[in-house]
Amino acid sequence: MLSCNTDKNQDFTVFYGKPLAVCLLHLGLVCSVCQIKSGSRGHDGVVSVFRDRILQLHTTRSWDFLEKESGLRSERLRRRASSDIIIGVVDTGIWPESPSFSDTGMGKIPSRWKGICMEGSDFKKSNCNRKLIGARFYNNPPDSIQSPSNNSHIHGITSFGSPRDSVGHGTHTSSTAAGSTVMNASYYGLAQGIAKGGSPSSRLAMYKACSLGGCASSAVLKAIDDAIYDGVDIISISIGMSSAFQSDFLSDPIAIGAFHANKRGILVVCSGGNDGPDPFTVVNSAPWILTVAASSIDRSFQSSIVLGNGIVLKGSAINFSNLSRSESFPLIFGGDAAAESTPVTEASNCYPGSLDTEKAAGKIIICVDSDPTVPRRVKKLVAEGAQAEGLILIDEAEKGVPFDSGSYPFSEVGNDAGVQILKYINSTKKPTAVILPTEDVEGFKPAPVVAYFSARGPGGLTEAILKPDLMAPGVGIVAASIPTVDIGDIPAGKKPSNFAIKSGTSMACPHVAGAAAFIRSAHPRWSPSMIRSALMTTATTTNNLGKPLTAHSGANASYLDMGAGDISPLRALSPGLVFETATEDYLYFLCYYGYKDQVIRSLYDTNFSCPGNASPDLISNLNYPSISIARLDSKQAGRTVSRTVTNVGPANSTYFATVDAPSGFMVKVSPEKLVFTRRGMKASYEVIFHVKDATKGYGFGSVTWSDGAHAVQTVFAAHVV
């Protein structure tokens with residue numbers, strides 16, 4: 001890490017390919033260390049120069065749910081898991097005292113580990129142990145650098161100059177990936193049970209590159225660089241740029257760092273972002289990154305609303321109010337409690353300052369979310385400030401993502417329930433209601449469901465790689481956190497909890513990182529692309545009703561919503577066939593995308609040259625576990641896409657192809673049979689796409705290879721123009 005300190009206000013990051021390093025430069029000045037002027041992309045060895053921006057944080061029954069969905073049992077397999085796998089987490093730090101980071105029963109730290117445990121005013125070397133084997137921290141983002149937006153599902157207290165977590169985000173993601181087993185864990189009695197990470201036997205290393213305000217891109221790149229040097233096996237990054245401000249692949253610090261990690265045999269798993277459900281919102285979409293969407297699990301947190309007419313409506317929330325059915329309070333619509341000179345639409349949305357205290361005090365307020373610029377936390381504070389007894393929020397999209405209102409009575413319902421409540425108000429002169437404290441309900445159906453906030457494909461940089469890659473639990477996830485100091489979040493008579501319930505693709509990402517570590521422990525020689533392939537081709541596309549997976553709206557989910565499907569870690573241990581993607585394949589991708597030879601050579605110290613026929617159309621031929629065709633012209637002869645698979649199953653096996661094609665598509669596989677006589681043997685095939693009378697837009701389907709014991713599914717998305 002090379003840094004340049006000046007009194008200018010604008011920071012730039014220069015990325016070197018030989019070796020990987022970061023240099024903070026200031027516009028129009030020369031760095032005395034690097035002797036390179038900012039903006040000097042033509043300098044030998046410089047891949048790109050980009051402004052040092054702020055990246056966003058993308059914020060335990062989930063593992064049991066995934067195991068149940070697979071139909072397999074994990075106890076014996078997990079007992080055999082190696083403890084030599086190291087997961088590096090780039091995040092907001094860690095709370096080392098959490099029982100999720102206990103090293104009881106763990107053996108010696110792997111001798112190959114070269115990391116350190118950095119000290120700070122509130123973090124000592126003794127805070128590291130055989131579970132948390134490394135901890136580094138980096139400078140927090142300067143005040144002059146502002147994040148363009150912040151839609152993460154996190155809040156916190158103050159920042160410490162040490163690896164200690166002051167936000168809770170990094171502690172939560174770390175324990176989700178590799179937390180030790182903790183008995184009788186719960187969040188103030190909710191979701192009580194056994195808490196554990198996806199790979200409890202793995203080691204953890206924290207790289208604190210983020211604070212509550214976000215993550216400086218230079219710090220993130222330095223953190224990845226350190227993780228590579230230290231010797232991690234998996235890197236988990238629940239961070240990303242806003243989808244509205246995406247950079248190309250070689251101006252994105254995560255993509256740059258991940259490329260070098262992949263080259264060293266380290267799988268990088270990233271959250272896909274929380275800007276859904278709109279298309280083209282997925283971030284961290286480089287093909288050498290495993291990009292994760294978020295799904296729900298079969299547990300919901302329900303807060304019932306009892307109306308004065310006896311009707312009980314099931315809402316979604318996390319509240320610890322002490323109200324009971326024997327109580328009731330006047331019920332009023334926010335628009336009817338508007339302050340003087342306040343538009344009804346603002347009061348209906350619980351805008352700050354929109355409610356009249358005299359009209360709202362002692363009553364339960366009903367608000368809507370027709371203007372999503374006012375988040376739920378603010379609406380709750382507005383209702384509290386108006387001395388309302390509670391808040392009912394009508395929001396069809398967010399109803400499935402529980403909001404933690406602490407001890408304040410709160411419940412969220414969809415449009416159908418909302419209509420019932422409003423009809424009740426209009427049917428009587430004195431409507432009343434009570435909001436009951438939250439209960440957790442297991443066995444909820446359907447599950448999984450694609451989370452409404454989960455960013456969707458296609459990728460904004462290229463539609464020829466299907467992103468996100470897959471999805472994992474990211475709604476209502478219980479995991480370790482920091483003890484909160486916010487009195488309003490602690491139920492009366494309770495001590496601060498060691499756990500928290502959070503939602504976001506930030507929570508989905510470490511699920512995949514933990515699953516990848518589990519697979520790596522069983523197959524230590526597998527490359528990052530083999531692990532990714534195993535997870536993608538064995539993912540499930542049906543829910544616990546046996547029906548196709550759906551989005552939050554109830555409509556069938558597409559592969560642009562969920563990637564290959566919901567992860568099934570136990571099935572991924574034995575995928576049968578895998579798609580291997582080499583570093584050279586990624587270099588060809590950069591050629592096809594449009595980068596010049598000189599830039600690619602700087603990224604990867606090689607004499608590599610792009611082929612003369614480089615074209616964006618060739619990106620679809622990257623040996624990827626899914627297929628995406630950016631343009632499929634119905635007036636042309638069709639498109640042929642090639643793939644190569646490697647046998648990692650029985651030595652003598654024969655696979656047959658079956659195709660699931662959408663209406664108007666003719667999809668053929670050639671050859672239709674693959675015969676393997678040994679493990680490690682490769683075989684290639686082609687998928688030929690034709691369209692006739694197909695509707696313009698995306699069509700979705702799959703090619704599945706089966707030998708009777710394994711089903712290797714490659715999903716595809718083809719854009720008909």
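In the block above lies the structure referred to throughout.
About the cut-offs
Residues numbered from 1 in each chain as written. Predicted model: local features only at pLDDT ≥ 70, side-chain atom pairs only at ≥ 80, totals over all residues. Heavy atoms only, no water. Helix = DSSP H or I, 4+ residues; strand = E, 2+ residues; numbered from the N terminus. Areas by Shrake-Rupley, 256 points an atom, 1.4 Å probe, with all protein chains shown as cover. Phe/Tyr/Trp six-rings, centres within 6.5 Å; stacked < 30°, edge-to-face > 60°. Buried < 20%, exposed > 50% of the residue type's maximum accessible area, 1.4 Å probe, protein only. Salt bridge = Lys/Arg side-chain N within 4 Å of Asp/Glu carboxyl O. Disulfide = S-S within 2.5 Å. Core = buried A, V, L, I, M, F, W, Y, C linked by side-chain atoms within 4.5 Å. Contact = heavy atoms within 4.5 Å. Pairing = 2+ DSSP bridges.

Along the protein chain, the regular secondary structure elements total 15 helices and 40 strands. As presented, the protein chain carries roughly 27200 Å² of accessible surface, and 50% of it is formed by carbon and sulfur atoms.

The full count for this structure, using the stated rule, is 20 aromatic pairs. Residues Trp288 and Tyr586 carry aromatic rings whose centres are separated by 5.8 Å and whose planes lie at 75° to one another, so their mutual orientation is edge-to-face. Of this pair, Trp288 sits in the loop between strand 15 (267–271) and strand 16 (290–295) while Tyr586 sits in helix 14 (residues 583–593), placing them 298 residues apart in sequence. Owing to a relative accessible area of 1%, Tyr586 belongs among the buried residues under this scheme. Their ring planes at 85° and their centres at 5.7 Å tell us that Tyr452 and Phe453 sit as a pair that is edge-to-face.

Right, let's get into the pattern of salt bridges. Overall, the coordinates contain 16 salt bridges when judged by the stated rule. Ionic pairing is found between Arg136 and Asp230, a salt bridge with its closest N-O pair at 2.8 Å. Of this pair, Arg136 sits in strand 7 (residues 132–137) while Asp230 sits in helix 4 (residues 217–230); the two residues are 94 residues apart in sequence, bridging distant segments of the chain. With relative accessibility at 12%, the residue Arg136 sits in the buried group. By relative accessible area, Asp230 is classed as buried at 1%. The residue Arg601 makes a salt bridge to Asp597 at a minimum N-O spacing of 3.7 Å.

Moving on, we get to the environment of Leu470. Position of Leu470 among the secondary structure elements: in strand 28 (residues 470–473). The sequence separation of Leu470 and Gly563 amounts to 93 residues, and the corresponding C-alpha distance is 4.2 Å.

The buried fraction of helix 3 (residues 169–178) amounts to ten of the ten residues, a majority that puts the element mostly inside the structure. Considered for burial, the residues of helix 3 that qualify are His169, Gly170, Thr171, His172, Thr173, Ser174, Ser175, Thr176, Ala177 and Ala178.

Turning to the state of the cysteines, a few remarks are in order. Counted according to the given criterion, the structure contains four disulfides. Two residues share a disulfide in this structure: Cys117 and Cys128, whose sulfurs sit 2.0 Å from each other. One quick way to see it: the torsion about the S-S bond of Cys117 and Cys128 is about 85°, and its sign makes the bridge right-handed. Taken together, the positions of Cys117 in the loop between strand 6 (86–91) and strand 7 and Cys128 in the loop between strand 6 and strand 7 put the pair eleven residues apart, joining distant regions of the chain. Comparing Cys117 with Cys128, the two get one shared label, buried. In this model Cys350 forms its disulfide with Cys367; the gap between the sulfur atoms is 2.0 Å. Because the torsion about its S-S bond is 70°, the bridge between Cys350 and Cys367 counts as right-handed. Linking Cys350 in the loop between helix 6 (344–348) and helix 7 (357–360) with Cys367 in strand 21 (residues 364–368), this pair joins segments that are 17 residues apart in sequence.

Ranked by size, the top nonpolar core spans 114 residues in total, and within it Ile235, Trp288 and Leu535 carry the most contacts. With nine residues, the top contributor of residues to this core is helix 10 (residues 505–522). Those residues in contact with Trp288 that lie beyond four places of it in its chain are Phe249, Ala255, Ala258, Phe259, Asn262, Arg532, Tyr586, Phe589 and Leu590. Core analysis: the next-biggest nonpolar cluster, separate from the first, contains 25 residues, Val641, Ala683, Phe689 and Val712 among them.

So, about the sheet that holds strand 38 (residues 682–691). Reading across from one edge, 32-34-38-36 is the order of the four strands in this open sheet, with antiparallel pairing throughout. With one partner strand each, in any of the chains shown, strand 32 (577–578) and strand 36 (665–670) form the two edges of the open sheet. Examined bridge by bridge, strand 32 and strand 34 (residues 639–647) share two bridges and lie antiparallel to one another. Residue pairing for strand 34: Leu577 is matched across the bridge by Asn647.

Moving on, we come to the pairing of strand 9 (residues 190–195). Alignment of strand 8 (residues 182–187) against strand 9, held across three bridges, turns out to be antiparallel. The partner of Val182 across the bridge, within strand 9, is Ala195.

In this structure, the amide linkage connecting Ala447 to the following residue, Pro448, adopts the cis form with an omega of -5°. Relative to the helices and strands, Pro448 is located in the loop between strand 26 (439–442) and strand 27 (449–450). For the bond running from Gly457 to Pro458, omega is 0°, close enough to zero to count as cis. Locating Pro458 in the fold gives a position in the loop between strand 27 and strand 28. The backbone of Tyr188 sits at a positive phi, close to 50°, despite the residue not being glycine. On the basis of relative accessibility, which here comes to 12%, the residue Tyr188 falls in the buried class.

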